[in-house]
Amino acid sequence: MAANENLLEIKNLKKYFPVKAGVFKKTVGHVKAVDDISFAVKNGETLGLVGESGCGKSTTGRTILRLLEATAGEVIFDGKDVLAMDKKELRGIRKEMQIIFQDPYASLNPRMTVADIIGEPLDIHKLVSNKKERNEKVKDILEKVGLGEEYMNRYPHEFSGGQRQRIGVARALAVDPKLIIADEPVSALDVSIQAQVINLLQDLQNEFGLTFLFIAHDLSVVKHISDRVAVMYLGKIVEITDKEKLYEDPLHPYTQSLLSAIPVADPTAKKDRIILEGDVPSPVDPPSGCRFHPRCPKAFDKCSIEEPVFKDYGDGHFAACHLLEE
Ligand code: SF4
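This one's a predicted model, so the numbers in the text were calculated from it and none came from an experiment.

1. Looking at the overall build of the protein
The helix and strand inventory of the protein stands at ten helices and twelve strands. Taking 326 residues into account, the globule formula puts the C-alpha radius of gyration at 20 Å, and the protein, at 21 Å, falls close to it. Summarising its shape, the C-alpha atoms of the protein cover approximately 70 × 60 × 45 Å along the three principal directions. In the protein, 63% of the contacts between residues at least 6 apart in sequence involve partners at least 24 apart. For the protein, the accessible area works out to roughly 16100 Å², and carbon and sulfur atoms hold 49% of it. Charged side chains of the protein number 43 positive and 49 negative; the gap between the two group centres comes to 6 Å.

This is the structure we're talking about:
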């Protein structure tokens with residue numbers, strides 16, 4: 001597959017969770033965690049997916065991998081719809097799509113040695129034929145993530161947070177995937193360690209031609225690693241474009257407010273912080289029209305009535321805002 005071709009295409013994806021109440025646990029509503037989103041990830045690129053907690057970004061990642069079953073939509077990976085696959089096909093495709101979790105401690109089995117944690121997916125996908133071959137492969141992968149073979153027989157609790165995340169990366173990498181969904185992979189780490197893990201992911205991407213969907217709640221985290229960035233708010237994607245355009249010329253008021261919250265290194269540089277009022281509304285009963293209207297500093301009459309169309313404002317710079325339509 002050539003670079004620039006789409007490895008992953010998400011079409012009108014929805015994930016609703018039922019809200020149950022009463023003795024008979026009747027469904028009384030739905031949490032619309034992901035509500036009709038469409039985007040693509042090109043082969044070999046990193047797409048950052050950003051938004052406040054509860055906006056649906058992690059649910060999007062898990063639904064793509066079918067760790068959660070979608071309510072509607074299509075997930076086209078390498079030309080095939082993952083959501084239409086039976087169990088056997090899904091097992092085959094799982095090798096190609098791996099995930100790195102936010103909390104490296106919770107995601108590693110505390111009773112398994114590092115050799116078993118990294119070796120397990122090799123066994124599941126029958127990629128090694130004996131223990132010697134498995135150990136050689138584990139040793140190789142450990143080296144790639146900056147850990148030596150002396151760590152093979154140790155347990156997760158013997159490692160620092162940054163080292164544990166390296167083990168999580170090694171486990172994802174073991175089966176030679178095409179796509180890695182990194183779900184807030186550095187959020188639980190000290191700031192000093194975050195850059196090391198991000199640099200490692202970038203080096204591995206270059207070496208193995210990986211494609212990343214990199215989920216984060218903060219635009220500053222994805223700035224370095226992303227080629228393009230998508231911004232999510234309350235189950236919807238509100239803006240998506242190249243990294244340069246997003247950081248220099250954001251079109252959507254929500255993106256503008258997220259960017260204004262990033263501290264600048266130069267203390268003499270002037271930056272007006274846009275303070276958003278209120279919390280993110282409930283996805284059970286999202287606001288009418290533009291979902292951002294109760295908090296948007298630029299909202300006007302039409303915003304609470306009509307939902308803005310998500311459209312291309314030039315060279316693949318998509319956004320959904322009535323102000324842009326004027
Ligand atoms: Fe703000 Fe209206 Fe644009 Fe929504 S459509 S972002 S409320 S100006």
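Next comes the rest of the description.
2. What about the environment of Ile167?
Along the polypeptide, Ile167 turns up in helix α5 (residues 161-173). Accessibility expressed as a relative area gives 0% for Ile167, which makes it buried. Taking the C-alpha atoms as reference, Ile167 lies 8.1 Å from Pro104; in sequence the two are 63 residues apart. Those residues within four positions of Ile167 in sequence are excluded, and the remaining contacts are Leu108, Val114, Ile117, Ile118, Leu147 and Phe159.

3. Description of the packing of helix α3 (residues 114-124) against α5
Between two packed helices, the angle of one axis relative to the other and the distance separating the axes together describe the packing. For the pair α3 and α5, the least separation of the axes is 7 Å and the interaxial angle reads 30 degrees. Between α3 and α5, the crossing angle belongs to the class labelled roughly parallel. Relative to α5, α3 is oriented so that their crossing is right-handed. Across the interface between the two elements, Val114, Ile117, Ile118, Glu120 and Pro121 of α3 pack against Ile167, Ala170 and Arg171 of α5. Here the residues of the contact of α3 with α5 are counted per class, giving six nonpolar, no polar and two charged.

4. Concerning the pattern of salt bridges
Scanning the model with the defined rule gives 15 salt bridges in all. In this structure, the salt-bridge partner of Arg228 is Glu45, at a minimum N-O distance of 2.7 Å. You can see Arg228 sitting in strand β9 (residues 228-233) and its partner Glu45 sitting in the loop between β2 (26-42) and β3 (46-50), a full 183 residues away along the chain. The same class applies to Arg228 and to Glu45, which are both buried.

5. A closer look at the site of the ligand
Contacts to the ligand come from His252, Pro253, Cys290, Phe292, His293, Cys296, Lys298, Ala299, Cys303, Cys321, His322 and Leu323. Residues of the shell around the ligand, tallied by class, amount to eight nonpolar, three polar and one charged.

6. Quick notes on the sheet that holds β9
Taken in spatial order, the eight strands line up as β6-β7-β8-β3-β9-β10-β12-β11 in an open sheet, and their pairing is mixed. Each end of this open sheet is capped by a strand with a single partner; those strands are β6 (97-100) and β11 (311-312). Note that strand β7 (residues 179-183) and strand β8 (residues 211-216) share five bridges and pair parallel. Bridging from a neighbouring strand, Leu179 pairs with Thr211 of β8. Sheet contacts for helix α9 (residues 253-260): β3, β9 and β10 (236-242); angle to β9, the most-contacted strand, approximately 105 degrees.

7. What about unusual backbone geometry?
Residue Asn12 is not a glycine yet carries a positive backbone phi of 50 degrees. Not every positive phi belongs to a glycine, and Asp315 is a case in point at roughly 55 degrees. Here Asp315 is to be found in the loop between β11 and β12 (318-319). Residue Asp315 is classed as exposed on the basis of its relative accessible area of 72%.

8. A few points about the nonpolar core
Note that soluble globular proteins tend to have their nonpolar side chains buried in a common cluster. Formed by 56 residues in total, the largest nonpolar core has its most connected members in Ile118, Phe214 and Leu219. Those residues in contact with Phe214, other than ones at most four positions away along the chain, are Thr46, Leu47, Gly48, Leu49, Ala182, Pro185, Ile198, Leu201, Val221, Val222 and Ile225.

9. Details of the sheet that holds β2
Spatial ordering of the open sheet is given by β2-β1-β4-β5, a layout of four strands whose pairing is antiparallel. Of all strands in the sheet, those bounded by a partner on one side alone are β2 and β5 (80-81). Sheet strands in contact with helix α1 (residues 57-64) are β1 (6-21), β2 and β4 (72-77), and its direction is about 110 degrees off that of β1.

10. Considerations on the pairing of β9
The buried fraction of β9 is high, at six of six residues. The alternating pattern of β9 places Arg228, Ala230 and Met232 and Val229, Val231 and Tyr233 on opposite faces, both of which are buried. In this sheet, β9 lies alongside β3 in parallel orientation, the contact comprising four bridges. In the sheet register, Val50 faces β9, and the bridge partner there is Val231. Counting the residues between successive antiparallel strands, the hairpin from β9 to β10 contains two residues, one of them, Leu234, with a positive phi of roughly 50 degrees.

11. Side note on α9
The element α9 is largely enclosed, with a buried count of eight among its eight residues. Buried residues belonging to α9 abut β3, α7 (219-223), β9, β10, α8 (243-248) and α10 (322-325).

Rules and cut-offs
Residues numbered from 1 in each chain as written. Predicted model: local features only at pLDDT ≥ 70, side-chain atom pairs only at ≥ 80, totals over all residues. Heavy atoms only, no water. Helix = DSSP H or I, 4+ residues; strand = E, 2+ residues; numbered from the N terminus. Rg over C-alpha atoms; globule rule 2.2 N^0.38 Å. Contact = heavy atoms within 4.5 Å. Areas by Shrake-Rupley, 256 points an atom, 1.4 Å probe, with all protein chains shown as cover. Lys, Arg positive; Asp, Glu negative; His and termini not counted. Charge placed at Lys NZ, Arg CZ, Asp CG, Glu CD. Buried < 20%, exposed > 50% of the residue type's maximum accessible area, 1.4 Å probe, protein only. Axes fitted to C-alpha atoms, helices over the stretch in contact; angles between N-to-C directions. Parallel < 35°, antiparallel > 145°, perpendicular 65-115°, else oblique. Left-handed = near helix turned anticlockwise from the far one by under 90°. Nonpolar A, V, L, I, M, F, W, Y, C, P; charged D, E, K, R; others polar. Salt bridge = Lys/Arg side-chain N within 4 Å of Asp/Glu carboxyl O. Near = heavy atom within 4 Å. Pairing = 2+ DSSP bridges. Core = buried A, V, L, I, M, F, W, Y, C linked by side-chain atoms within 4.5 Å.

These figures come from the coordinates and say nothing about function on their own.
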